[in-house]
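Listed below are the residues making up each chain.
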Amino acid sequence: MSLIKSYLLTQMNNELFDPGIDNLPMPVDGIEPDLEMLMQREQLMEDIDSIVEGFFIDTYEGQYPEERDELTRMLCDAVVKNFPIK
């Protein structure tokens, strides 16, 4: 399992969503706004993971996996911080 997927699963398991209790807006076009934001955020983090991995493979020939994972983690943390799920 990729670093991003395991991170997202951890985040999702730590957060419980109940639209009735949380007074979330009604779904638009069948997709709840928070679910759409979560899907976009997940896609962005997958893109970050791909870009960083490709860069490290091209530039450092796959060396420094710890640094690659740390950079990916820091960038994904910034995504989560700047695009929180309310």
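Please read these numbers as outputs of a predicted model, since none were measured by experiment.

Definitions and limits used
- Residues numbered from 1 in each chain as written.
- Predicted model: local features only at pLDDT ≥ 70, side-chain atom pairs only at ≥ 80, totals over all residues.
- Heavy atoms only, no water.
- Helix = DSSP H or I, 4+ residues; strand = E, 2+ residues; numbered from the N terminus.
- Buried < 20%, exposed > 50% of the residue type's maximum accessible area, 1.4 Å probe, protein only.
- Contact = heavy atoms within 4.5 Å.
- Phe/Tyr/Trp six-rings, centres within 6.5 Å; stacked < 30°, edge-to-face > 60°.
- Expected span 1.5 Å × (residues − 1).
- Core = buried A, V, L, I, M, F, W, Y, C linked by side-chain atoms within 4.5 Å.
- Axes fitted to C-alpha atoms, helices over the stretch in contact; angles between N-to-C directions.
- Parallel < 35°, antiparallel > 145°, perpendicular 65-115°, else oblique.
- Left-handed = near helix turned anticlockwise from the far one by under 90°.
- Nonpolar A, V, L, I, M, F, W, Y, C, P; charged D, E, K, R; others polar.
- Arc of directions from axis to C-beta.

*Asks:* Describe the overall build of the chain, listing the residues and the values that go with them.
*Replies:* Within the chain, the regular secondary structure consists of 4 helices and 0 strands. Ordered by position from the N terminus, the helices and strands of the chain form the series α-α-α-α. Taken across its 86 residues, the chain has 19% of its residues classed as buried. Sequence-distant contacts in the chain: of pairs separated by 6 or more residues, those separated by 24 or more amount to 65%.

*Asks:* Break down the packing of aromatic side chains for me, citing the residues and quoting the values.
*Replies:* According to the stated counting rule, one finds 4 aromatic pairs in the structure shown. Ring plane angle 80° and centroid distance 6.0 Å describe the contact between F55 and F56, whose orientation is recorded as edge-to-face. Members of the aromatic cluster, connected to one another through ring pairs, are F55, F56, Y60 and Y64.

*Asks:* Lay out helix α3 (residues 33–60) with the relevant residues and their values.
*Replies:* Helix length check: α3 (28 residues) gives 40 Å between terminal C-alpha atoms against 40 Å at 1.5 Å per residue, within 8%. Here α3 has its buried residues at D34, L38, R41, M45, I48, D49, V52 and F56. Looking one or two residues beyond α3, the residue adopting positive phi is E61, at roughly 55°.

*Asks:* Can you explain the nonpolar core? Please cite residues and give values.
*Replies:* With 7 residues, the main nonpolar core is built from M45, I48, V52, F56, C76, V79 and V80. Those elements that provide at least two residues to this core are α3 and α4 (65–82). When residues of this core are assigned to their parent elements, the largest contribution, 4 residues, is made by α3. Among residues more than four places away in sequence, those in contact with F56 are E61, G62, Q63, Y64, E67, R68 and L71.

*Asks:* If you had to explain the packing of α3 against α4 to someone new, which residues and values would you point to?
*Replies:* Two elements in contact, α3 and α4, have axes whose closest approach is 10 Å; the angle formed by their N-to-C orientations is 155°. As summarised for this structure, α3 and α4 are arranged roughly antiparallel, according to the angle between their axes. The two elements α3 and α4 cross, and the hand of that crossing is right-handed. Here α3 contributes R41, L44, M45, I48, D49, V52, E53 and F56 to the contact with α4, which in turn contributes E67, R68, L71, T72, L75, C76, V79 and V80. Along the lines of polarity and charge, the residues of the contact of α3 with α4 split into 10 nonpolar, 1 polar and 5 charged.

*Asks:* Kindly report on α4, identifying the contributing residues and their values.
*Replies:* Between the first and last C-alpha of α4 there are 26 Å, a value that for 18 residues agrees with the 26 Å anticipated at 1.5 Å per step. Among the residues of α4, T72, C76, V79 and V80 are the ones counted as buried. Buried residues in α4, looked at end-on, bunch into an arc of 95°, giving them a common side. In this structure, α4 carries E66, K81 and N82 as exposed residues pointing more than 90 degrees from its buried face.

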